[in-house]
Amino acid sequence: MSLIAFSDIRKVYTIGAVTIDALAGVSFDIGEHEFVAIMGPSGSGKSTLMHILGCLDAPTSGAYRLEDYDVSQLRSNDLARIRNRDIGFVFQAYNLLPHLSALENVLLPCTYSTHAVSGRDEKARALELLERIGLKDRMYNRPVEMSGGEQQRVAIARALMMNPPVILADEPTGNLNSKGAREILDIMKELHADGKTIVYVTHDDTIGAEAERVIRIQDGRVVADERN
Amino acid sequence: MDLRDSFRNATRAIWAAKMRSFLTMLGIIIGIAAVVMLMAVGNGTKQSILSRMQSSGSGNLYLTAGARSNVLMGGNPEGGAGGFAASRAGVSSGAEITAQDLTYIEARVTYSVVVSPTNQTNITIKNGNTTMSGTGIFATPTYFQVENVTIADGRMISDGDVSNRTRNVVIGNTVQTTLFPNESAVGQLIRINGASYKVVGVAASKGETVGSSVDTAIVLPFSVGEKSFGIAHNRVQRTTIECVDPTQTKVVIAEITDILTLKHKKVDFTIQDVAAMTALVTSSMTILTTLLAAIGGLSLLVGGIGIMNIMLVSVTERTREIGIRKALGARERDILVQFLIESSLLSISGGILGIVVSVLGSDFVVSRFTTTAVTGSSILLAVGFSIAVGVFFGVYPARTAARLKPVEALRYE
Ligand SMILES: Nc1ncnc2c1ncn2[C@@H]1O[C@H](COP(=O)(O)OP(=O)(O)OP(=O)(O)O)[C@@H](O)[C@H]1O
Ligand SMILES: [Mg+2]
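Conventions adopted
- Residues numbered from 1 in each chain as written.
- Chains lettered and ligands numbered in written order.
- Predicted model: local features only at pLDDT ≥ 70, side-chain atom pairs only at ≥ 80, totals over all residues.
- Heavy atoms only, no water.
- Contact = heavy atoms within 4.5 Å.
- Buried area = accessible area lost by both parts, 1.4 Å probe.
- Salt bridge = Lys/Arg side-chain N within 4 Å of Asp/Glu carboxyl O.
- Polar contact = N/O pair within 3.5 Å; in protein donor to acceptor, adjacent residues only side chain to side chain.
- Helix = DSSP H or I, 4+ residues; strand = E, 2+ residues; numbered from the N terminus.
- 1 Å grid on protein atoms, 1.4 Å probe; cavity = no way out; pocket = protein on both sides within 12 Å on 5 of 7 lines; lining within 4 Å.
- Points joined across faces, edges and corners; volume = space filled by probe spheres on them.
- Near = heavy atom within 4 Å.
- Areas by Shrake-Rupley, 256 points an atom, 1.4 Å probe, with all protein chains shown as cover.
- Pairing = 2+ DSSP bridges.
- Axes fitted to C-alpha atoms, helices over the stretch in contact; angles between N-to-C directions.
- Buried < 20%, exposed > 50% of the residue type's maximum accessible area, 1.4 Å probe, protein only.
- Arc of directions from axis to C-beta.
- Parallel < 35°, antiparallel > 145°, perpendicular 65-115°, else oblique.
- Left-handed = near helix turned anticlockwise from the far one by under 90°.
- Nonpolar A, V, L, I, M, F, W, Y, C, P; charged D, E, K, R; others polar.
- Core = buried A, V, L, I, M, F, W, Y, C linked by side-chain atoms within 4.5 Å.

Novice: Quick one: what's the story with the interface of chain A and chain B, residue by residue and with numbers?
Specialist: Opposite the 23 residues of chain A that make contact, chain B presents 20 residues. Summed over both sides, the interface of chain A with chain B buries roughly 2,000 Å², with 58% coming from carbon and sulfur. Counting the surface chain A buries against chain B, the share from its top three residues, Leu56(A), Arg83(A) and Tyr112(A), is 31%. On inspection of chain A and its partner chain B, the count reaches one salt bridge. In this structure, Arg12(B) engages Glu104(A) in a salt bridge whose closest nitrogen and oxygen atoms are separated by 3.1 Å. Joining chain A to chain B, the criterion identifies six residue pairs in polar contact (both at pLDDT 80 or more). Looking at the side of chain A that touches chain B, the elements that each hand over two or more residues are α2 (76-85) and α3 (102-111) of chain A. Residue contributions to the side of chain A that touches chain B peak at five residues, all from α2(A).

Following this line, the structure appears as structure tokens:
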């Protein structure tokens, strides 16, 4: 059974008299351990798609199944638990909390976890993750004291904190130079090798080319779905 | 999210905007201080009035001439120096209480009573070159018992003094210290309205009481009044009647009323009950205190609206943070609790500071002008109120925050 199943997902925005079909019936399956890139022109609906995948937004219609959950039927508390435990979301704009240190940012998901883990174990895991992304020596730095690439690495560590099976990244390299982008891509490949399912959005053909599978979107529809 | 984390987050957020948090708290500080201080003034006033009233014994009745249609509170019917003179409306002229009336009453009342007839007049007291004005109280030995006046030095007026019209007097504490600063007055001669009297005793100080204070008074034998001070023969201005069993006061009032009405053939007298007046004062002062607290409560309300305002600003400013927290798994409840704790913390700290301000304020500032009493219950009320204000005015902003949709909150710039 696939990990993610999207069938005929639609998202309609209504602004006054104008309706925008951001997603006009999207269907696809993503299996476990897949490494997928989503590509398409600006405004084609990639972010809308990622937000629905990440349980940050609800589709106007259509069915979304993640693991055993029928996501479209879930209530806000269950969605929060899925965001906490089953999905790690990485944003283009990093979205670290500015008043917290790198370490505190990585620990943040634990505060919303429903199963109790000792504080010492949590901290050990956070430090291990920071070590893995090469920023252990920056753990007391706040986001403003780090480069974009470093912030995005901290954001990835945060997404990994609860050890979710799925990592979703909406243009994780969009704000980075090629060196920073490369580092992020390498980390994602490593995570994939470790068994995570990874879905990321990119504009960049060379970065998209690294994925095992590319889903192309245009005007809210899937126009191509190819395996490299 | 456990509560300890929530508290740490909340203190952090409050501390991050120190000035703004303090200004917000100021509303609560002022509100709580106003409530506590106004209640302190109310309670203080009540306590001081009650202590003055009760210093003359709570089982006492006052019998005076003239039927009064509108008697609120007792006091000294002739002078009214205590500030609570009874209304004189409806005093029928010509009515009087005589010594015979009192003997008549004493003989017929079934419960045992102690009767103390008194007359009063203003006098001038002189020793050598020192002169002071005071009150002359013409009384019998029972006066000392019913008014709880004790003798600090010497002796009381005796029955012999009364029957022989002896010019022996007991002086108040202030009279003693004014006229004889360096020595005991007992055995000395003083001049009252020009005539010579012998001091046989000094009364212990009682402080201010309702009516005239014994401290600035001179107690003279009852009979001396009509002999040397022009008080009409047999006339008694005010009689204090002490019920030996205070629980029977009501019955005694009824009996005396019946006895005297029968004798005078009309109700041309008034009996006042100290216990009833005390109850009246207590209830009216409680109303006053509540009113004062309500006025203070208004400023607390304004402070609460200030908290709500600042929390709404804070929610708007931190919309993106809320979105991030939700993306990481925060439930609506987590966000709600976070903002509620923050608003409660603001108002509780404001409340505690307000209590400190009010205790200092009423001890060092307000107490110079009036009696204050900060009571435990008013502090409890203040704390409870400030928690309630924080929660009540925090709920709306916190719910607004909790219900934000994750994507929309994340999109917020
Ligand atoms: N909240 C919204 N209200 C109205 N329209 C929206 C909203 N969000 C997105 N849209 C519209 O939906 C369409 C898809 O937007 P989306 O952000 O998903 O595009 P995208 O593929 O991520 O673009 P980009 O590559 O520029 O990030 C666009 O036409 C956009 O204007
Ligand atoms: Mg986008």
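Novice: Outline empty space enclosed by the protein, supporting the account with residue identities and numerical values.
Specialist: Empty space among the atoms can be located by rolling a probe the size of a water molecule over them. Taken as a whole, this structure holds four cavities of 30 Å³ or more when the rule is applied. One number sums up the size of the second largest cavity: a volume of about 70 Å³. Along the walls of the second largest cavity sit Arg83(A), Asn84(A), Ile87(A), Gly88(A), Phe89(A), Pro109(A), Arg158(A), Ala159(A), Met162(A), Pro164(A), Ala327(B) and Leu328(B), which together make up its complete lining. Of all the secondary-structure elements, those providing two or more residues to the lining of the second largest cavity are α2, β6 (87-90) and α5 (148-160) of chain A. Broken down by element, the lining of the second largest cavity gets its largest block of residues, three residues, from β6(A).

Novice: Quick rundown of the site of ligand 1? Include the residues and the values.
Specialist: Of all residues adjacent to ligand 1, which total 15 residues, the nearest are Ser42(A), Gly43(A), Lys46(A), Ser47(A) and Thr48(A). Residues close to ligand 1 are split across chains A and B. One of the backbone nitrogen or oxygen atoms of Ser44(A) is found 3.3 Å away from an oxygen atom of ligand 1. A distance of 2.7 Å separates an oxygen atom of ligand 1 from a polar atom in the side chain of Lys46(A). For ligand 1, the protein covers 70% of the area, taking 630 Å² as the surface of the free molecule. Elements with a contribution of two residues or more to the shell around ligand 1: β1 (4-15), β2 (18-30) and α1 (46-53) of chain A. If one sorts the elements of the shell around ligand 1 by residue count, α1(A) sits on top with three residues.

Novice: Which residues make up the sheet that holds strand β3 (residues 35-39) of chain A, and what are the values?
Specialist: All names here are of chain A. The mixed open sheet is built from six strands, whose spatial order is β6-β7-β8-β3-β9-β10. Either end of the sheet is taken by a strand with one partner, and the two such strands are β6 and β10 (221-227). Taking the axes of each pair of neighbouring strands and ignoring which way they run, one obtains an average angle of 15° across the sheet. Two strands pair when backbone bridges link them, and strand β7 (residues 166-170) and strand β8 (residues 197-201) are joined in this way by five bridges, in the parallel orientation. In the strand pairing of β8, Ala169 is matched with Tyr200. Contacts from α5 reach β6 and β7 within the one sheet, and its direction differs from that of β6 by about 165°. Sheet contacts for helix α6 (residues 178-193): β3, β7 and β8; angle to β8, the most-contacted strand, approximately 155°.

Novice: How would you explain helix α3 (residues 99-108) of chain B if you had to name every residue and give the values?
Specialist: Residues and elements named next belong to chain B. Listed as buried for α3 are Asp101, Leu102 and Ile105. Here the buried residues of α3 occupy an arc of 95° about the axis, which is enough to place them on one side. α3 presents Thr103 and Ala107 as exposed residues on the side facing more than 90 degrees away from its buried surface. Looking at the buried positions of α3, the neighbouring elements they touch are β1 (60-65), β2 (97-98), β3 (113-127), β10 (235-236), β11 (238-243) and α8 (249-264).

Novice: A description of the pairing of β7(A) should follow, citing residues and the corresponding values.
Specialist: Side-chain positions along a regular strand alternate between the two faces of the sheet. Residue and element names in this part refer to chain A. With respect to burial, β7 is a largely interior element, five of its five residues being buried. In β7, alternate side chains face the same way, and those of Val166, Leu168 and Asp170 on one face and Ile167 and Ala169 on the other are all buried. Two elements, β6 and β7, share four bridges in a ladder whose sense is parallel. Pairing of Ile87 across the sheet is with Val166, part of β7.

Novice: Any details on the packing of helix α11 (residues 332-364) of chain B against helix α12 (residues 376-402) of chain B? Residues and values, ideally.
Specialist: All names here are of chain B. At a minimum axis separation of 7 Å, α11 and α12 run at an interaxial angle of 150°. On the basis of their axis angle, the class for α11 and α12 is roughly antiparallel. By crossing handedness, the relation of α11 to α12 is classed as right-handed. A class-by-class count of the residues in the contact of α11 with α12 yields 15 nonpolar, seven polar and two charged.

Novice: A description of the nonpolar core should follow, citing residues and the corresponding values.
Specialist: One recurring pattern in soluble globular proteins: nonpolar side chains tend to sit buried together. By size, the foremost hydrophobic cluster in this structure holds 54 residues, and its most contacted members are Ile190(B), Ile192(B) and Ile218(B). In terms of residue count, the dominant contributor to this core is strand β8 (residues 195-203) of chain B (six residues). Excluding anything up to four places from it in sequence, Ile218(B) contacts Ile123(B), Ile125(B), Thr135(B), Gly136(B), Ile137(B), Val169(B), Val170(B), Ile171(B), Val175(B), Ile190(B) and Ile192(B). In terms of nonpolar packing, the next biggest core, distinct from the first, is built from 40 residues, Leu96(A), Cys110(A), Ala169(A) and Leu191(A) among them.

Novice: Which residues make up the side chain of Asn60(B), and what are the values?
Specialist: Residue and element names in this part refer to chain B. Position of Asn60 among the secondary structure elements: in strand β1. Look at Asn60 and you get buried, because its relative accessible area is 1%. Within the structure, Asn60 has its side chain in polar contact with the backbone oxygen of Val146 (distance 2.9 Å). Excluding anything up to four places from it in sequence, Asn60 contacts Val146, Thr240, Ile241, Glu242, Gln272, Asp273 and Val274.

Novice: Please give an account of the sheet that holds β1(A) that cites residues and values.
Specialist: All names here are of chain A. Taken in spatial order, the four strands of this open sheet run β2-β1-β4-β5, and their pairing is antiparallel. Because the sheet does not close on itself, it has two edges, and the strands there are β2 and β5 (69-70). Two elements, β1 and strand β4 (residues 61-66), share five bridges in a ladder whose sense is antiparallel. Paired with Arg10 across the strands is Ser61, a residue of β4. The sheet contacts of α1 involve β1, β2 and β4, and relative to β1 the element is tilted by about 120°.

Novice: Summarise the packing of helix α10 (residues 319-327) of chain B against α11(B); cite the residues concerned and give the values.
Specialist: All names here are of chain B. Packing of α10 against α11 leaves a shortest axis separation of 10 Å and a crossing angle of 140°. In this view, α10 runs oblique relative to α11, as classed from their interaxial angle. Here α10 runs over α11; the crossing is right-handed. Packed against α10, whose contacting residues are Glu321, Ile322, Arg325 and Lys326, the element α11 presents Glu332, Ile335, Gln338 and Phe339 at the interface. For the contact of α10 with α11, a count of residues per class yields three nonpolar, one polar and four charged.

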